[in-house]
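Analysis of the macromolecular model
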Amino acid sequence: VTMLLSHILRGEVRRCCTTGLLSRTATAIRYTSNLPNLTQEQLTKIGEIDEKLRNRHTILESQLEPEVSDQVRRKRMIYRSKQRGWLEADLLMGSWAVEHVPKLSKEQLDEYEMLLQEETIDIYNYISKKDPLPPHLENLSVIKDIQNYALTKNMASPEGYENVKRKTNLT
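What this report covers is the structure whose coordinates are included nearby. Along each chain, residue indices are assigned from 1 in the same order as the chain's sequence is written. Local features in a predicted model are, by the rule used here, given only for residues with pLDDT of at least 70; side-chain atom pairs are given and counted only at 80 or more, and totals for whole chains, interfaces and linings are based on all residues. Here the side-chain values reflect all heavy atoms present in the structure, with hydrogen atoms and water set aside.

Before going further, it helps to spend a moment on the overall build of the protein. Only DSSP runs of H or I covering at least 4 residues are called helices, and only runs of E covering at least 2 are called strands; the numbering of each starts at the N terminus. What the protein contains, in helices and strands, is 10 helices and zero strands. Secondary structure elements of the protein, listed N to C terminal, follow the sequence α-α-α-α-α-α-α-α-α-α. The buried share of the protein, reckoned over its 171 residues, is 37%. The long-range fraction of contacts in the protein, counting pairs at least 24 apart against all pairs at least 6 apart in sequence, stands at 55%. For the protein, the exposed area adds up to about 11000 Å²; of that, 54% sits on carbon and sulfur atoms. Type-normalised accessible area, obtained with a 1.4 Å probe on protein chains alone, sets the label of each residue: buried when under 20%, exposed when over 50%, and partly exposed for intermediate values. Note on contacts: a residue pair is in contact if any heavy atoms of the two residues lie within 4.5 Å. We get accessible surface area from the Shrake-Rupley algorithm with a probe of 1.4 Å; when it comes to residues, only the shown protein chains can shield them.

And the structure:
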């Protein structure tokens, strides 16, 4: 345990968790070089704790009232849209989400969640029509809505960019 704490303090466990190396015990075992000097038992324990922590929010959400659960889902989707990690995508996805996610139907939310699972650069290229849509995204209505949104918003100029950024609280 002391050794595990030293790895956590040095950031080694966190780094592994964010790359998914500890989400399953079998995967954790393959990456023992990332966590030197740990026993099989310690790796198993780390994998179990990681899995439990990663799934904790689903347990909590299952105990919420349906209306509250829906609000939590929408807020999470807006946050994920604003925090893509690439400024252009943050602005485009975040501003669209602020305006539209609160009004989406359950089916549209499911579609949008599918889109959010894609890589940021891919989403941006799909929306800008630089790349063709993959088959699993071709018939999603939200893609077409976001593409139309991107065409109508004036984000190319510095003034347009600043207006959208301010309006959607992306400062």
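Before going further, it helps to examine the side chain of E118. Note on placement: E118 falls in the loop between α7 (106-116) and α8 (120-127). Despite being buried, E118 has no salt bridge partner; R84 is the closest side chain of opposite charge, sitting 8.4 Å away. Only 2.8 Å separates the side chain of E118 from the side chain of H136, close enough to count as a polar contact. Excluding residues within four positions of it along the chain, E118 makes contact with R84, I123, Y126, H136 and L137. Charge convention: Lys and Arg are scored as positive, Asp and Glu as negative, and His as well as the terminal groups of each chain are ignored. A pairing counts as a salt bridge when a side-chain nitrogen of Lys or Arg comes within 4 Å of a carboxyl oxygen of Asp or Glu. As used in this structure description, the phrase polar contact means that two N or O atoms lie within 3.5 Å; if the pair is within protein, one of them must be able to donate a hydrogen and the other to accept it, and residues adjacent in sequence are counted only when both atoms belong to side chains.

This next bit is on unusual backbone geometry. Phi at K129 takes a positive value of approximately 65 degrees, unusual for a residue other than glycine. Mapped onto the fold, K129 is located in the loop between α8 and α9 (141-152). Residue classification places K129 among the exposed positions, given a relative accessible area of 58%.

Structural elements are reduced to axes, namely lines fitted to C-alpha atoms, with helices fitted over the stretch in contact, and the angle between N-to-C directions of any two is expressed from 0 to 180 degrees. At a minimum axis distance of 11 Å, the contact between helix α6 (residues 87-100) and α9 shows a crossing angle of 110 degrees. Considering their axes alone, α6 and α9 lie roughly perpendicular with respect to each other. Where α6 crosses over α9, the two elements pack in a sense that is right-handed. Between α6 and α9, the residues in contact are L92, S95, W96, E99 and H100 and V142, D145, I146, Y149 and A150, respectively. Any angle between 65 and 115 degrees counts as roughly perpendicular, while under 35 counts as roughly parallel, over 145 as roughly antiparallel, and the rest as oblique. We call a crossing left-handed when the near helix sits turned anticlockwise from the far one by less than a right angle, and right-handed when that turn is clockwise.

So far we have only geometry, and geometry alone does not tell us how the molecule works.
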